[in-house]
Amino acid sequence: MGSTQKILFVGQKLQELEGFCDCPLYEDIKLIIRLKIEEHKKDGCKIISSLNLGVETWAIEEAWNQRAPYDVYVPFDNFHLNWPHASRKTYASLIKHASQKIIVDTGPYAYQKL
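As a starting point, this report considers the structure included with it. Everything numeric in this text was worked out from a predicted model, so none of it was measured.

1. Notes on the nonpolar core
Stage number 1. Ile33, Ile47 and Tyr70 are the most contacted members of the largest nonpolar core, which totals 26 residues.
Stage number 2. For this core, the secondary structure elements donating two or more residues are helix H1 (26-41), helix H2 (55-65), strand E3 (70-76) and helix H3 (85-95).
Stage number 3. In terms of residue count, H2 provides more of this core than any other element does, five residues in total.
Stage number 4. With residues near it in sequence (within four places) discarded, Tyr70 still touches Lys46, Ile47, Ile60, Ala63, Trp64, Leu94, His97, Ala98, Ser99 and Gln100.

2. Observations regarding the sheet that holds strand E4 (residues 100-105)
Stage number 1. Spatial strand order, E1-E2-E3-E4: four strands in an open sheet with parallel pairing. The open sheet is flanked by strand E1 (6-8) and E4, the only strands paired with a single partner. Across this sheet, the average inter-strand angle for adjacent strands is 20°, counted without regard to direction.
Stage number 2. Where E3 lies against E4, five bridges are found, and the strand directions are parallel. Bridging from a neighbouring strand, Phe76 pairs with Asp105 of E4.

3. A short note on the pattern of salt bridges
Stage number 1. This model, assessed by the stated rule, comprises four salt bridges.
Stage number 2. Its salt-bridge partner being Glu38, residue Arg34 comes within 3.5 Å of it at the nearest N-O pair. You can see Arg34 and its partner Glu38 sitting in helix H1, four residues apart, about one turn around the helix.
Stage number 3. Note that Asp71 is salt-bridged to Lys46, the shortest N-O span being 3.4 Å. Taken together, the residues Asp71 in strand E3 and Lys46 in strand E2 (residues 46-49) connect sequence positions 25 residues apart.
Stage number 4. Accessibility expressed as a relative area gives 1% for Asp71, which makes it buried.

Conventions we followed
Residues numbered from 1 in each chain as written. Predicted model: local features only at pLDDT ≥ 70, side-chain atom pairs only at ≥ 80, totals over all residues. Heavy atoms only, no water. Core = buried A, V, L, I, M, F, W, Y, C linked by side-chain atoms within 4.5 Å. Buried < 20%, exposed > 50% of the residue type's maximum accessible area, 1.4 Å probe, protein only. Helix = DSSP H or I, 4+ residues; strand = E, 2+ residues; numbered from the N terminus. Contact = heavy atoms within 4.5 Å. Pairing = 2+ DSSP bridges. Axes fitted to C-alpha atoms, helices over the stretch in contact; angles between N-to-C directions. Salt bridge = Lys/Arg side-chain N within 4 Å of Asp/Glu carboxyl O.

Okay, structure coming up:
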């Protein structure tokens, strides 16, 4: 039996993209994510992401919208606690539907490790 193909979505820190949904590349990035998931979903691939703010969350939101399976590799337990309320709510909703949630580092949060 063959192994499942996986697509890993990672992206620039949003500060480098000049913001969140109002960054100049937002619509282009979202389109690329949507097309890549559509292209590979039929092959039974699984989406992988950290669910960090920005590209990682956008990818998991699109996976959820397309009902594609996804795994979340969380950098630190509770690393989302300092996020804005709406972002924490999105995180909680998406992570509960993940096929797997893996906590990568059980140590304390450190921005430099992201």
